[in-house]
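Here's the letter readout for the chains.
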Amino acid sequence: MSFTSFHPQLNLNLSHLQPRPPSLNPSQGSHKLLLRRWSSQSPPSKCSPFLAGTGGPYFSSGTTLRSIFLLSSGSRSRPKVRAASEDGGESLDAEANYQEEFSWSSVILPFLFPAVGGLLFGYDIGATSGATISLLSPELSGTTWFNLSAVQLGLVVSGSLYGALLGSLLVYPLADFLGRRRELIMAAILYAIGSASTAYAPGLAVLLLARLVYGLGIGLAMHGAPLYIAETCPAQIRGTLISLKELFIVLGILLGYFVGSYEINVVGGWHYMYGLSAPIALLMGIGMLSLPPSPRWLLLRAVQCKGPLQELKEKAKHALSRLRGRAAGDKVSEKQIEETLTSLKTAYADQQSEGSVLEVFQGPSLKAFIIGGGLVLFQQITGQPSVLYYAGPILQTAGFAAASDATRLSVVIGTFKLVMTGIAVLKVDDLGRRPLLIGGVGGIALSLLLLWAYYKFLGGYPLVAVAALLLYVGSYQVSFGPISWLMVSEIFPLRTRGKGISLAVLTNFGSNAIVTFAFSPLKELLGAANLFLLFGAIALLSLVFAVVYVPETKGLSLEEIESKILK
């Protein structure tokens, strides 16, 4: 056999599969050549994926050296690797920047139904804005218990966020057992039960319990949706689709605002505002039932020895063929599954142990958590959930006394939010993370100070409140909205990435629930002017944090972020 690697600084003689350590120039990217071979002295483990009807780790019918993996995340200069087959056939060129062929029609549904989970999360935010007005109105609530205290209102508004926090805690140890598809099906069921129970709640206790159940659905959906999309879509459009999932959350907020404006003058309108999400949740559940499991999750179960290897491989091949719209048993899907399985096994062999929870608070991981955790914390404690959930009441206080006026302006704000999110998705890789983050956080601070000024001495100018809210929403959507989660996904080292992101999610939902709950009592205690002044001061502190601590990661591979920024 012959094996040649074409790279100006990679000189290997592989006639006996004994590589010399390559001398690599870091300026050309971090290339890591991983070779695995088996001998009688080191037999494979019982559950090794390399025993699935092959002659060894990289051996298959007709090809002596099946594949060799060149792992270089994000490098611009990548070597080509050529393996010649035993039978004298054409040699195979494999490049790390391989572009998988796909049709958009085959990726729409595997993206759409998980993204509906994000839409239902956003819908709850938007609908709650109008529902609080309806629920508190003696004429419109249709209940005898409309006179809620500030604490009770805070529990109604933040109940779904407490449920999301609990769901995030519960799903962490169960995620790999359930799988992404079953997790999203469970989320759809919880969404439907929570929505229907809220709509028909006869009293405050049932309403609060139903809000908690709906929140459990949020927790599962926000964990499972990005995983399913990332693991089932072609690599070259993964970033686009995950960004579009965030856009679905904003679309849900806008839909909630729109339904609130339509139902606000109906007696008991809050029943309809919350109840509309039930049929959407059923659609999500039926859609997820029609989709296959994640092929990568199936292969992960095989690597973890959680089921019969050959059976899980066949299921993964069938799932991938369905996801790409190919005929069952096609050779392209089979080859991709074999390569992914080998890649997973290599990654598991290379990673000696999984990072512990305590390790997140040590060394480079601690620096990453300060950056990522700090961003998602400031994202919430600058008042973001309060401004969204209480957009209607804020506008009413600003002079739009009629409930319908306030909810219609909420629709305008939601539309503006959608447009600004689209701009951020299009520009984040062109302008970079820091410029958008610093500029946006500066706008947030200015908008909160404008709200303080309105409540303090500009009360005769209601347009100031509207302009401040629009500035807040636009600034948030080009800064904390997309950049926080993008940085969280990039900044953690491989060893602690899973647990680090989990802690960031818990930080986000926990601070979101606390701020949402505390808004009404703090507004009663401090007054609106002083409350927005407090949020403005925190926003200025977050601006200092962004300038001093948050790095620019545009154009850097994950390995370069870890080596250049964290160490």
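It should be noted that the structure appears before, not after, this text.
What you are looking at is a predicted structure, and each value in this text was computed from that prediction instead of being measured. (Residues numbered from 1 in each chain as written. Predicted model: local features only at pLDDT ≥ 70, side-chain atom pairs only at ≥ 80, totals over all residues. Heavy atoms only, no water.)

> Sorry, what's going on with the pattern of salt bridges here?
Where charged atoms from two side chains of opposite charge come close, those side chains can pair. Summed over all chains, the structure comprises 6 salt bridges. Of the charged contacts, one joins Arg-211 and Asp-124 as a salt bridge, the two residues approaching to 2.5 Å between their closest N and O atoms. Linking Arg-211 in helix 4 (residues 204-232) with Asp-124 in helix 1 (residues 104-136), this pair joins segments that are 87 residues apart in sequence. Accessibility assignment for this pair places Arg-211 and Asp-124 in one class, buried. (Salt bridge = Lys/Arg side-chain N within 4 Å of Asp/Glu carboxyl O. Helix = DSSP H or I, 4+ residues; strand = E, 2+ residues; numbered from the N terminus. Buried < 20%, exposed > 50% of the residue type's maximum accessible area, 1.4 Å probe, protein only.)

> Whenever I open this one, the packing of helix 1 against helix 4 confuses me. Can you help?
To describe two helices that pack against each other, one gives the angle between their axes and the distance between the axes. At a minimum axis distance of 8 Å, the contact between helix 1 and helix 4 shows a crossing angle of 150°. What the angle tells us is that helix 1 and helix 4 run roughly antiparallel. The hand of the helix 1/helix 4 crossing is left-handed. Contacts from Pro-110, Phe-111, Pro-114, Ala-115, Gly-117, Gly-118, Leu-120, Phe-121, Asp-124, Thr-128 and Leu-135 of helix 1 reach helix 4 at Leu-207, Arg-211, Tyr-214, Ile-218, Ala-221, Met-222, Ala-225, Tyr-228, Ile-229 and Thr-232. Looking at the contact of helix 1 with helix 4, its residues break down into 15 nonpolar, 4 polar and 2 charged. (Axes fitted to C-alpha atoms, helices over the stretch in contact; angles between N-to-C directions. Parallel < 35°, antiparallel > 145°, perpendicular 65-115°, else oblique. Left-handed = near helix turned anticlockwise from the far one by under 90°. Contact = heavy atoms within 4.5 Å. Nonpolar A, V, L, I, M, F, W, Y, C, P; charged D, E, K, R; others polar.)

> Where do I start with the nonpolar core in this structure?
Where a protein is soluble and globular, its nonpolar side chains tend to be buried together. Counting residues in hydrophobic clusters, the biggest one holds 50 residues, and the most contacted among them are Leu-375, Leu-437, Leu-448, Phe-480, Ile-491, Phe-532 and Val-550. When contributions to this core are tallied by element, the ones reaching two or more residues are helix 11 (363-381), helix 14 (403-431), helix 15 (433-457), helix 16 (462-478), helix 17 (480-491), helix 18 (497-526), helix 19 (528-549) and helix 20 (558-565). When residues no more than four places from it in sequence are discounted, the contact partners of Leu-437 are Leu-375, Val-478, Ser-479, Phe-480, Ile-483, Ala-546 and Val-550. Ranked by size, the runner-up nonpolar core spans 43 residues in total, among them Leu-161, Ala-164, Ala-187 and Leu-220. (Core = buried A, V, L, I, M, F, W, Y, C linked by side-chain atoms within 4.5 Å.)

> Mind showing me how you'd approach empty space enclosed by the protein here?
Counted under the stated rule, the structure contains 1 cavity of 30 Å³ or more. Of the pockets and cavities examined, the largest cavity occupies roughly 40 Å³. Tyr-123, Asp-124, Ala-127, Gly-194, Ser-195, Thr-198, Arg-211, Tyr-214, Tyr-274 and Ser-277 together form the lining of the largest cavity. Put simply, the parts of the chain that give the lining of the largest cavity at least two residues each are helix 1, helix 3 (180-199) and helix 4. Class assignment of the residues belonging to the lining of the largest cavity gives a composition of 4 nonpolar, 4 polar and 2 charged. (1 Å grid on protein atoms, 1.4 Å probe; cavity = no way out; pocket = protein on both sides within 12 Å on 5 of 7 lines; lining within 4 Å. Points joined across faces, edges and corners; volume = space filled by probe spheres on them.)

Read these as spatial facts, not as claims about activity.
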